[in-house]
Amino acid sequence: MLEFYPHIKSVHVYAVLASGSLFFLRGLLVQAGVRWPMAAGVRYLSYTIDTVLLTAALMLLTILPAAIYANGWLAAKLGLLVAYIGLGTFALRRGRTRQVRAVCYVAAVAVFVSMYFIARTHDPLGPLKLLTS
Ligand code: HEM
């Protein structure tokens, strides 16, 4: 399995970028009052990308030694993932007012960017270090 590691990691990272870009676009359009980003076809595309993302992530988890996560970067990323899913739901669908949807959208994008830099730096404080360096 180890020989497939670079390919699986590429699939994970491309799925991350596709998933984040789709959420960014859908969120923007929903804030503008456009309806088609919530259409069934777009939702299924989003579920498909996220399934690929998660499958590749689980494969990476089984390949890599646990020592890689010793400083807690993966735990931090997964904690933020829960927040991102919650905020994303309120940004696209569950937020009752326009203001709640907009605040949740901006927060969800910020959380997503933080997860990305935590993963890139393998450091739970990665995004903060980038801001202060
Ligand atoms: C269930 C959710 C997830 C799990 C279990 C997971 C797990 C992993 C694992 C095990 C790696 C390999 C690290 C390495 O090669 O050293 C990885 C890499 C990566 N993940 Fe995730 N991930 C998840 C979701 C996400 C999300 C939501 C993002 C983005 C916001 C993300 C961004 C990345 C990036 C950019 C890398 C490449 C890091 C590098 O350059 O070494 N992941 N992930």
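Thresholds applied
- Residues numbered from 1 in each chain as written.
- Predicted model: local features only at pLDDT ≥ 70, side-chain atom pairs only at ≥ 80, totals over all residues.
- Heavy atoms only, no water.
- Near = heavy atom within 4 Å.
- Polar contact = N/O pair within 3.5 Å; in protein donor to acceptor, adjacent residues only side chain to side chain.
- Helix = DSSP H or I, 4+ residues; strand = E, 2+ residues; numbered from the N terminus.
- Nonpolar A, V, L, I, M, F, W, Y, C, P; charged D, E, K, R; others polar.
- Domains from an automatic or database assignment.
- Expected span 1.5 Å × (residues − 1).
- Buried < 20%, exposed > 50% of the residue type's maximum accessible area, 1.4 Å probe, protein only.
- Arc of directions from axis to C-beta.
- Contact = heavy atoms within 4.5 Å.
- 1 Å grid on protein atoms, 1.4 Å probe; cavity = no way out; pocket = protein on both sides within 12 Å on 5 of 7 lines; lining within 4 Å.
- Points joined across faces, edges and corners; volume = space filled by probe spheres on them.
- Core = buried A, V, L, I, M, F, W, Y, C linked by side-chain atoms within 4.5 Å.

A.B. asks: Please clarify how the site of the ligand should be interpreted in this entry.
C.D. replies: Close contacts around the ligand come from 23 residues, with Y5, K9, H12, K77 and R120 the closest. Taking Y5, its side chain carries an N or O atom lying 2.3 Å from an oxygen atom of the ligand. Between a nitrogen atom of the ligand and a side-chain N or O atom of H12, the distance comes to 2.9 Å. Among the secondary structure elements, those contributing two or more residues to the shell around the ligand are α1 (5–31), α2 (40–63), α3 (73–94) and α4 (98–121). Of the residues in the shell around the ligand, the class split is 18 nonpolar, two polar and three charged. When residues of the shell around the ligand are assigned to domains, at least three map to each of domain 1 (1–64) and domain 2 (70–133).

A.B. asks: Sorry, what's going on with α3 here?
C.D. replies: Since the α-helix turns once every 3.6 residues, residues separated by three or four places project in the same direction. For α3, which comprises 22 residues, the first-to-last C-alpha distance of 30 Å matches the rise-based estimate of 32 Å (1.5 Å per residue) to within 8%. Inspection of α3 places W73, L74, K77, Y84, G88, A91 and L92 among the buried residues, and these make up the whole buried set. Summarising the axial view, the buried residues of α3 lie within an arc of 90 degrees, below the 170-degree limit, and thus occupy one face. Residues of α3 that are exposed and point over 90 degrees away from its buried face: A75, V82, I85 and R94. Contacts made by the buried residues of α3 are with α1, α2 and α4.

A.B. asks: Where do I start with the layout of surface pockets in this structure?
C.D. replies: Space left empty within the atom packing is revealed by a probe, the size of a water molecule, rolled over the atoms. Roughly 1200 Å³ of internal volume is contained in the largest pocket. V16, S19, L53, L81 and F112 are the residues nearest the centre of the largest pocket, which is lined by 41 residues in total. Looking at the lining of the largest pocket, the elements with two or more residues in it are α1, α2, α3 and α4. For the lining of the largest pocket, the per-class residue count stands at 28 nonpolar, six polar and seven charged.

A.B. asks: Whenever I open this one, the nonpolar core confuses me. Can you help?
C.D. replies: Within soluble globular proteins, side chains that are nonpolar generally end up buried alongside one another. Counting residues in hydrophobic clusters, the biggest one holds 14 residues, and the most contacted among them are F23, Y84, A91, F112 and M115. At the level of elements, α1, α3 and α4 are the ones that each hand at least two residues to this core. Considering each element in turn, this core owes the most residues, six residues, to α4. Both of domain 1 (1–64) and domain 2 (70–133) provide at least three residues apiece to this core. Discounting chain neighbours no more than four positions away, the residues touching F23 are Y84, G88, A91, L92, Y105, A108 and V109.

A.B. asks: I tried to follow the environment of I49 on my own but got confused; where do I start?
C.D. replies: Note on placement: I49 falls in helix α2. Once the C-alpha coordinates of I49 and G88 are considered, the two residues, 39 residues apart in sequence, prove to be 15 Å apart. For I49, the residues in contact, after removing those within four places along its chain, are A15, A18, S19 and L22.

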